[in-house]
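# Analysis of the macromolecular model
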Amino acid sequence: MTRFSRRTLLKAGAGFASTSAIGFPALVHAQTEKIKIGHLTPLTGFLGALGAYAQLGIRMAEEEINRSGGVMGRQIDVLSEDSVNPATAATKAQRMLDQDGVAVLMGEINSASALTIMQVAERNKRLFMQIGARSDALRGKNCNRFTFHVDIPNTVMVNAVGKALLRDHMVKDKKFFTLTADYIFGHDLLNAAKRFFNANQGNLIGDELIATDVTDFSPYLLKIRQAKPDIVCSNLAGNQVTTLIKQYAEFGLPYPIVGFNLNTADAWAAGEGNLAGTWPTVWYHTLDVPASKTFVANFIKKHGKPPENHAWIEYISLKMMAQAMNETKSTDTDKLIAYFEKEAEFDILKARKAHFRSWDHQLMQEAYPFTVKPKGEAKDKWDLITLGAAVPDANEPLEILAPTKEQNPCTL
Amino acid sequence: MFLLEQVVNGLVLGGYYLLIALGLSLIFSVGGVVNLAHGAFYALGAYASVEITKYLGFGPAAVLSPVAVAMLGILFERFILRRFYSADPILSLLVTFGLAMVAEQAIRIIWGAAPLSASIPPEFRGSVIVGDFLFSRYRLLILVVVAAVLLGIWLLLHKTSFGRVVRAGIQRPDMVAALGIRLQPYMTTIVMLGVGMAALGGAFFAPITIVHPAMGAEVITVAFVVVVIGGLGSFWGVVISALMVGVIRGITIHFAPAAGEASIYILMFLVLLVRPRGLLGERIEKFE
């Protein structure tokens, strides 16, 4: 065992003392301390690519807010980490509240992880802005007073695509075969799809539950071929959609494919000539709204590539949070909840302003169905899709696509 | 009939598992090192082929990418693996596991977390229908490539003096040493071939799966299952096991889709219960 000389001990002691001397003034000036925001998003696994965009988006909002003077004169500091899986997500959320001293929690894409963070938020009575997870159950039977949901829920995605399918006479008396991600999000999306088929006389003739680690779809494609459906429908998530699209094109099955969930990063990864069909999206970088175009131009200047929908949604989410804190002049959970529940309006870079619905905390906003551009029409590798008109129509209320009070079991 | 279609499709998939598992098995059999970084070479093969395809097209990429990764394999053997042949196995496990993580993060830093797009060359798109069977044209190409590689490796191991030394080295490294033969250069070649095959798998699978940083970790588990079921030191053991794994998965998905991914682990469990050495595994002194 090494014994410290007295001199070393002295030096160490002096060092220690000076650090605490430097550390101390920070406590005195606690009022000007940064506002910490706890941010969790998957950076690895099948949603990892989306999470990477999510981080870029929230960082960009953070910089812009801080450059223009911060929130209530204080800088904000986003602590962003990989949420990994539902259990780790909850542990990290708890740690961020207990040890890192974050004011609010934000983020997530994975519905299962979002659910565990929601439980942490409720237990600690702290605000969680759930940004990217789409499962209906989160804002339905699992809803709680402390969580607000930004991304469009599954029912809205189904209805957005559904409107386009109805217009093209692709629902009534048609045989559907679905492939569904085998976790809370997929199950939930399948339920929303079933409700849509039932309401519009579509027949669901087959459904396969797919584990999230499946990378080879060939056995499922053979089963689809045996079932001879009219339309194949994807209820998958993350990069599994990409794999399905690629292998579907590989086998060249004759049935048209549509889907109720696709994020643009996963569409880009499919490569030209592989993607086909009608899909929903919450935002796309070609959206013809001036504010959106400015955001896209700034993002491209900074990162050399266009923002994906998760970059956009994280960007506007932090802006909404900053607006709420500035308006209430507080980071207090109850005051923020009250502000959001007032159905305050937010500019989210779309034609219409958005607001959180007071009784289920879901952000009411426009969505878009899209189709794939024919080969050769794309300007660059990002320009894959043709955005349909926003739904709901400009003269309809924003709530028309969302689950109604009768459909949604949420009680806050 | 439908079932038969799944069986044939499973055989094709098994061929792809084989490309990865055979190298893994050879490296373990000769060097006694479990190469947890094997998946990383598969991923590198895929990324390299996507990059090369941009400039030279798919054909040259499918050749150049495995060659480049095989060269990397030489460095890997010379500077890392070589230190661990006679060391405690836990050390080589830790080192290769760490290397796999480093490789994954390196890929994330260089190419980003978003998957790269890769497409099947136009001439191999679509499917052919033979009788009642539907085959993806591209998968048939993969099958041909796997068969050719397999034949090459078999000839190398069984018809050349190189192969005789390698096979002897698997069984009795001490005797080989006593005869004055250094196994190290052979090991370099084995590692080069092994990781080259993994990269070939990556290059050919890139167009039909997603090229993303964690793709190596995804494939390594199945490759292990194949090696364990097949048994160490046996060429045909690995071949049969890979095909079995592919077919069992297909059949299970046909009857009980939810159990599809679990089926291969259940198969491994059953095989180990009955034959702990694996299907055709030989009794190898140094591992007993």
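Predicted model, so just to flag it, every value in this text is computed and none were measured.

## Looking at the overall build of chain B
Tallying secondary structure elements over chain B gives eleven helices and two strands in all. Secondary structure elements of chain B, listed N to C terminal, follow the sequence α-α-α-α-β-β-α-α-α-α-α-α-α. Whereas a compact globule of 288 residues would reach a radius of gyration of roughly 19 Å, chain B reaches 19 Å, a difference of no more than 12%. Projected onto its principal axes, the C-alpha positions of chain B cover 55 × 45 × 35 Å.

## Quick word on the overall build of chain A
Across its full length, chain A holds twelve helices and 14 strands. Radius of gyration (C-alpha) of chain A: 23 Å, near the 22 Å computed for a compact globule of 412 residues. Along the longest, intermediate and shortest principal axes, the C-alpha atoms of chain A span 85 × 55 × 40 Å. Burial analysis of chain A (412 residues in total) assigns 53% to the buried set. Taking all contacts inside chain A whose residues are at least 6 apart in sequence as the whole, residues at least 24 apart take part in 70%.

## Focus: the domain arrangement of chain A
All names here are of chain A. Per the domain assignment, the segments making up chain A are domain 1 (33-152 + 287-364) and domain 2 (155-281 + 367-401). The C-alpha-based centres of domain 1 and domain 2 are spaced at 26 Å. Across the contact, 22 residues belong to domain 1 and 23 residues belong to domain 2. Taken together, the elements giving at least two residues each to the side of domain 1 that touches domain 2 come down to α2 (48-67), α4 (111-124) and α11 (309-328). Classifying every residue of the side of domain 1 that touches domain 2 gives 13 nonpolar, four polar and five charged.

## Thoughts on helix α9 (residues 215-230) of chain B
All names here are of chain B. Here α9 contains 16 residues, and its C-alpha end-to-end distance of 23 Å stays within 8% of the 22 Å for a straight helix at 1.5 Å per residue. Burial analysis of α9 places twelve of its 16 residues in the buried class, which makes it a mostly covered element. Looking at α9, one finds that the buried residues are Met 215, Gly 216, Val 219, Ile 220, Val 222, Ala 223, Phe 224, Val 225, Val 226, Val 227, Ile 229 and Gly 230. Following α9 by one or two positions, Gly 231 adopts a phi angle in the positive range, close to 100°.

## Considerations on the sheet that holds strand β9 (residues 257-259) of chain A
Residue and element names in this part refer to chain A. Strand order in the open sheet made by the four strands is β7-β6-β8-β9, with parallel pairing throughout. The open sheet is flanked by β7 (203-210) and β9, the only strands paired with a single partner. Strand-to-strand twist in this sheet, taken as the mean axis angle between neighbours without regard to direction, amounts to 25°. Sheet topology note: the strand β6 (residues 175-181)/β7 ladder contains seven bridges and is parallel. The residue bridging Thr 178 from the neighbouring strand is Asp 207, located in β7. Set on the sheet, helix α7 (residues 218-227) makes contact with β6, β7 and β8 (231-235); between it and β7 the angle comes to about 170°.

## Some points on the interface of chain B and chain A
With 33 residues of chain B in contact, the opposing surface of chain A contributes 36 residues. For the side of chain B that touches chain A, the secondary structure elements donating two or more residues are α1 (2-31), β2 (133-136) and α10 (235-255) of chain B. Here the residues of the side of chain B that touches chain A sort into 16 nonpolar, twelve polar and five charged.

## Side note on the nonpolar core
Counting 216 residues, the largest nonpolar core has Ile117(A), Tyr17(B), Ala21(B), Ala223(B) and Val226(B) as the members making the most contacts within it. Counting residues per element, this core draws most heavily on α1(B), which supplies 14 residues. Not counting residues up to four positions away in its chain, the partners in contact with Tyr17(B) are Val222(B), Ala223(B), Val226(B), Ala242(B), Val245(B) and Gly246(B).

## Remarks on the pairing of strand β2 (residues 76-82) of chain A
Residues and elements named next belong to chain A. Sheet analysis places strand β1 (residues 35-41) next to β2, joined by seven bridges and oriented parallel. By the bridge assignment, Ile 37 is partnered in β2 with Val 78. Between the parallel pair β1 and β2, the chain is carried across by α2, and the sense of this crossover is right-handed.

## So, the confidence of the model for chain A
For chain A, the average pLDDT comes to 89, and 92% of its residues sit at 70 or higher. A low-confidence stretch, residues 13-30 of chain A (pLDDT under 50), is modelled with zero contacts involving residues beyond four sequence positions or located in other chains.

## Some remarks on the packing of helix α5 (residues 154-167) of chain A against helix α6 (residues 184-199) of chain A
Residues and elements named next belong to chain A. The interhelical angle for the contact between α5 and α6, taken along N-to-C directions, is 40°, at an axis separation of 9 Å. Considering their axes alone, α5 and α6 lie oblique with respect to each other. For α5 against α6, the interelement crossing comes out right-handed. On α6, the residues touching Asn 154, Thr 155, Val 158, Asn 159 and Gly 162 of α5 are Asp 188, Leu 189, Ala 192, Ala 193 and Phe 196.

## Let's talk about the sheet that holds strand β13 (residues 368-372) of chain A
Residue and element names in this part refer to chain A. Within the open sheet, the three strands sit side by side as β10-β13-β14. Their pairing is antiparallel. Among the strands making up the open sheet, the edge pair consists of β10 (278-281) and β14 (385-387). Each neighbouring strand pair of the sheet contributes to a mean axis angle of 35°, computed without reference to strand direction. As defined by bridge partners, β10 adjoins β13 across four bridges and the pair is classed as antiparallel. Bridge pairing in β13 links Thr 278 to Thr 371. Packed onto the sheet, α5 meets β10 and β13 and runs at close to 140° relative to β10.

## Notes on α5(A)
Residues and elements named next belong to chain A. The end-to-end C-alpha separation of α5 is 20 Å, in line with the 20 Å expected for 14 residues at 1.5 Å each. Most of α5 sits out of view: twelve of its 14 residues are buried. Residues of α5 that are buried: Asn 154, Thr 155, Val 156, Met 157, Val 158, Asn 159, Ala 160, Val 161, Gly 162, Lys 163, Ala 164 and Leu 165. Buried residues in α5 make contact with α6, β9, β10 and β13.

## So, the environment of Phe128(A)
All names here are of chain A. Along the chain, the position of Phe 128 falls in strand β4 (residues 128-130). Sequence spacing of Phe 128 and Val 104 is 24 residues, and the spatial spacing of their C-alpha atoms is 6.1 Å. Dropping the residues within four chain positions of it, Phe 128 is found in contact with Leu 105, Ile 117, Met 118, Ala 121, Phe 146 and Thr 147.

Rules and cut-offs
- Residues numbered from 1 in each chain as written.
- Chains lettered and ligands numbered in written order.
- Predicted model: local features only at pLDDT ≥ 70, side-chain atom pairs only at ≥ 80, totals over all residues.
- Helix = DSSP H or I, 4+ residues; strand = E, 2+ residues; numbered from the N terminus.
- Rg over C-alpha atoms; globule rule 2.2 N^0.38 Å.
- Buried ≥ 20, exposed ≤ 12 C-beta atoms within 10 Å, placed from the backbone.
- Contact = placed C-beta atoms within 7 Å.
- Domains from an automatic or database assignment.
- Nonpolar A, V, L, I, M, F, W, Y, C, P; charged D, E, K, R; others polar.
- Expected span 1.5 Å × (residues − 1).
- Pairing = 2+ DSSP bridges.
- Axes fitted to C-alpha atoms, helices over the stretch in contact; angles between N-to-C directions.
- Core = buried A, V, L, I, M, F, W, Y, C linked by C-beta atoms within 7 Å.
- Right-handed = clockwise from strand over helix to strand, strands pointing away.
- pLDDT = per-residue confidence, 0-100.
- Parallel < 35°, antiparallel > 145°, perpendicular 65-115°, else oblique.
- Left-handed = near helix turned anticlockwise from the far one by under 90°.

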